[in-house]
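So you can see what is in the structure, the chains are spelled out below.
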Amino acid sequence: MKKFSPGILYGKELLALYEDAKKNEYALPAVNVSGTNTINAALEAAAAVNSPIIIQFSFEGAGFITGGRGLLNDFTANVRGAVSGALHVHNVVAYYGIPVVLHTDHANDQLLPWVLQLIAEGEKFYAEKKFPLFSSHMTDLSAKSPDENLEISGAIFKQLVKLEMGIEIELGVTGGIEGNIDNSRVASETLYTLPGDVALAYSKMNKIGRLFTIAAAFGNVHGIYAPGHVELKPVILNNCQQYIRETYHTEEKPAFFVFHGGSGSSLQQSREAIQYGCIKMNIDTDLQWAFWEGVKNYYNEFEPFLQSQLGNPGGSALPNKKYYEVKSWMRPGEKNYVKHLEEIYSNLNCINRNG
Ligand SMILES: [Zn+2]
């Protein structure tokens, strides 16, 4: 008997997954995909470890699905791409037999129309199918005041609740570079969320629904940098949980936290964040490298067969098609992605969670 249904999780079952993760101290990897290769590799890894997965589309990733780099920043392309990627998951998920959370990544002020258009698409989908197209969306209004952030995010959350969907909000600044937002030079003290802000967010969002997660900043940074760039302090998450509990007399660890910029984190830091209620860890940079590394290793292994259509060490007239066709060199990228994602699952204490 599987714990969660295969297919797209939403509503009560998604909340049950988050509760299960918090109680049993594991986090779900949330991977940023940019096409069917990375989507399928993510599903393959999840099936291999028998655990749910969070598949998410960034604004840029969604645009890439529609038409590659040429259409980047065309809004229609970013809406169609996210819908197309989501529909691909709906279409193939039964083949992999695992539960999937479909999500969209950072949407700052400028990108809110993208999320609103996706909600409009989701409303049409829900009216027809009686289940949502996506499991959740993210707003990232951390550049605004907490009050303004929560007012706008709360209004969007109200729309999502009607579709049995969740929301992820961001409080405080995640360092580094994410899409077109460069936070690589902000003062380091702003990289830590204040417990009072988290408690305010908890109380406001909790009045609307239970299915919300909070990306809190605790020194986490998007991308990979040399060690010593900024100090990660997962204990901030624990302080936030205690602050909420004391202020609103809730149960232990009331909030669901999200760890952004998870690539390159040590096992100990990840486990500490998980212990304090982090149930989702965004992994992007490390998996981008894993896909590329698989292709690079393939190239190194078959280099003499990849220089021209005809001619290799076996003879000057021999065809090389089986080495250079797209499926041949992309599959090693997928395989290395799967292998690396399986290691991430292990670090997140997330093996066999759908047993
Ligand atoms: Zn992020």
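Cut-off values and rules
Residue numbering note: each chain is counted from 1, following its sequence as written. Local features in a predicted model are, by the rule used here, given only for residues with pLDDT of at least 70; side-chain atom pairs are given and counted only at 80 or more, and totals for whole chains, interfaces and linings are based on all residues. For side-chain calculations, the full set of non-hydrogen atoms in the structure is used, while hydrogens and water are omitted. Cavities and pockets were defined on a 1 Å grid built from protein atoms only: a cavity is a group of points that admits a 1.4 Å probe but offers it no way out, a pocket is an open group of points flanked by protein on both sides within 12 Å along at least five of seven lines, and a lining residue is one with an atom within 4 Å of any such point. Grid points are joined across faces, edges and corners, and a volume is the space filled by probe spheres set on the points. A helix here means a DSSP run of H or I that spans at least four residues, while a strand means a run of E at least two residues long, and both kinds are numbered starting from the N terminus. Throughout this description, buried means an accessible area under 20% of the type-specific maximum (1.4 Å probe, protein chains only), exposed means over 50%, and partly exposed covers the range between. Two strands qualify as a pair provided that DSSP identifies no fewer than 2 bridges between them.

K.L.:
Is there a simple way to think about empty space enclosed by the protein in this case?
P.N.:
Over the atoms a probe the size of a water molecule is rolled, and this reveals where empty space is left. Per the counting criterion, the structure on display carries one cavity of 30 Å³ or more. Put simply, the largest cavity is a space of about 60 Å³. Forming the walls of the largest cavity are Y18, I54, V101, H103, S136, G166, I167, E168, L211, F212, T213 and K280. Taken together, the elements giving at least two residues each to the lining of the largest cavity come down to β4 (99–104), β6 (166–171) and β9 (212–216). If one sorts the elements of the lining of the largest cavity by residue count, β6 sits on top with three residues.

K.L.:
So what exactly am I meant to see when it comes to the pairing of β9 here?
P.N.:
Each regular strand carries side chains that alternate between the two faces of the sheet. Among the five residues that make up β9, five are buried, leaving the element largely enclosed by the rest of the structure. Side chains F212, I214 and A216 project from β9 onto one buried face, and the interleaved T213 and A215 project onto a second face that is buried too. Alignment of β6 against β9, held across five bridges, turns out to be parallel. Pairing of E170 across the sheet is with A215, part of β9. Bridge analysis of β9 against strand β11 (residues 257–259) gives two bridges, and the strand direction is parallel. Directly across from A215, in β11, lies its bridge partner V258.

Read these as spatial facts, not as claims about activity.
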